[in-house]
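Here is how the chains run, residue by residue.
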Amino acid sequence: MFWQSMFDEMLDRNGARSGIAVSFRIIRTDIKTSRGAFPGRLNSIMESKAVFCLANQKGGVGKTTTAIHLAACLAKKNRVLLIDLDAQSNASSIFLENDCPVELSVHAVFREKKTAAELAQKTRNPNLDLLPAVMNLAEVETLLAGAVDGFFRLNDALKSSSHDYIVIDCPPNLGMLTVNAFVCSTHLIVPLQTSKFSLDGLRGILETTNTIQKRFNPKIRIQGALLTMFNGRTGIAQALGGPIAEFLHVFETKISQSVVVEEAHLMHKTLFEYNPRSKPAKQYEAFTAEVLNGL
Ligand SMILES: Nc1ncnc2c1ncn2[C@@H]1O[C@H](COP(=O)(O)OP(=O)(O)OP(=O)(O)O)[C@@H](O)[C@H]1O
Ligand SMILES: [Mg+2]
């Protein structure tokens, strides 16, 4: 991809290529041991207590579902901003009744350098604000790849944010929008389905996080992997749970596969609104508690 060659070119120019750990294991160790050990290179983040980024370039692993429910659960006691960076707008559609005009969406952060304070929209939950996505968000990938500040626009937009927590739902790729999210995040959470393909995708995430941490955002760390759509009865789920834990902290809470999740999405509701007693609703509450305990 274009941004990747730009990124590589930039690293080569700075003589940093040799510093990038290439082996899976080295990357893991590097990220875990380097927590907080960097001088701030980026004129740093907003006043929020934490910025959570839900990322995995593999599609359909539960990023959006997790972003929605982490944000909604945090919003029970805190002021939260949910940022939808996926052109599919799935997270936005849970909270907005109508499509958002492009000039009021997160698109304007990247195109017109507007701030989150200018764009954040109220939702039916008084503690939860939303920076919605729109379909043509994908076009900003090209725009950002050609801009000198292309990696930093989201970070710049969030500097004036007064929310306690920010939750970012990333698209299923490691393009410029995801890099923008990594540059301003403090905690990366990787939703994983216990399948071989999800494991394959981990390498790209670890490499990207490692590079971002070294070059732009020393504060980012991988908080852990969340097993979603989990069915403990299947052989593959049992067999692969262990190998994932070798590379990443795995949250103790797992999110079960359940039809209630699809139903809630179809009704444009969170699980806490649609069926708060359901197993996944309880599991997302337990997961949020685990996230907060790990800060
Ligand atoms: N625990 C679950 N049980 C059953 N279905 C689920 C569960 N979690 C998510 N889903 C369903 O799986 C699909 C993918 O989930 P989701 O949209 O959260 O993944 P994603 O990683 O954001 O996808 P994308 O990469 O396309 O953005 C959705 O249809 C969602 O309703
Ligand atoms: Mg999604």
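Keep in mind that this is a model prediction, so the values were computed, not measured.

Near ligand 1, the surroundings consist of 20 residues, among which Gly59, Lys63, Thr64, Thr65 and Pro172 are the closest. Among the secondary structure elements, those contributing two or more residues to the shell around ligand 1 are helix H3 (63-74) and helix H12 (259-266). Considered class by class, the residues forming the shell around ligand 1 number six nonpolar, eleven polar and three charged.

Our focus in this paragraph is the sheet that holds strand E2 (residues 80-84). Strand pairing within a sheet occurs via backbone hydrogen bonds; the two strands may be parallel or antiparallel. Ordered in space as E3-E4-E2-E5-E1-E6-E7, the seven strands form an open sheet in which the pairing is mixed. At either margin of the open sheet sits one strand with a lone partner, and together these are strand E3 (121-122) and strand E7 (221-228).

Quick look at the pairing of E2 now. The element E2 is largely enclosed, with a buried count of five among its five residues. Here E2 shows two buried faces, one formed by Val80, Leu82 and Asp84 and the other by Leu81 and Ile83. As defined by bridge partners, E2 adjoins strand E4 (residues 128-131) across four bridges and the pair is classed as parallel. Looking at E4, one finds that Leu82 is bridged to Leu130. Bridge analysis of E2 against strand E5 (residues 165-169) gives five bridges, and the strand direction is parallel. Within E5, the position partnered with Asp84 by the bridge is Asp169.

Let's shift gears to the nonpolar core. Inside soluble globular proteins, nonpolar side chains tend to come together where they are buried. Ranked by size, the top nonpolar core spans 79 residues in total, and within it Cys53, Ala71, Leu82, Val167, Ile168 and Ala181 carry the most contacts. When neighbours within four sequence positions are excluded, Ala71 is seen to be in contact with Val80, Leu82, Leu128 and Val167.

Turning to the confidence of the model for the chain, a few remarks are in order. Residues of the chain with pLDDT of at least 70 account for 81%, and the chain-wide mean is 84. Every residue in residues 7-43 scores below 50 in pLDDT, and together they form 35 contacts with partners more than four places removed in sequence or on other chains.

This part covers helix H14 (residues 279-293). Taking 1.5 Å of rise per residue, 15 residues should cover 21 Å, and H14 covers 21 Å from first to last C-alpha, within 8% of that figure. Within the span of H14, buried status applies to Pro280, Ala281, Gln283, Tyr284, Phe287 and Val291. Taken down its axis, H14 places every buried residue within 160° of arc, on the same side. Along H14, exposed side chains directed more than 90 degrees from the buried face belong to Ala289 and Asn293.

Here we take up unusual backbone geometry. With a phi angle near 50°, Met229 is a residue other than glycine that sits in the positive phi range. Assignment of secondary structure puts Met229 in the loop between E7 and helix H11 (235-247). For Met229, a count of 21 C-beta atoms within 10 Å corresponds to the buried category. At His268, a position not held by glycine, the phi torsion is positive, near 55°. Relative to the assigned elements, His268 resides in the loop between H12 and helix H13 (271-274).

Rules used in this analysis
- Residues numbered from 1 in each chain as written.
- Chains lettered and ligands numbered in written order.
- Predicted model: local features only at pLDDT ≥ 70, side-chain atom pairs only at ≥ 80, totals over all residues.
- Near = placed C-beta within 6 Å.
- Helix = DSSP H or I, 4+ residues; strand = E, 2+ residues; numbered from the N terminus.
- Nonpolar A, V, L, I, M, F, W, Y, C, P; charged D, E, K, R; others polar.
- Pairing = 2+ DSSP bridges.
- Buried ≥ 20, exposed ≤ 12 C-beta atoms within 10 Å, placed from the backbone.
- Core = buried A, V, L, I, M, F, W, Y, C linked by C-beta atoms within 7 Å.
- Contact = placed C-beta atoms within 7 Å.
- pLDDT = per-residue confidence, 0-100.
- Expected span 1.5 Å × (residues − 1).
- Arc of directions from axis to C-beta.

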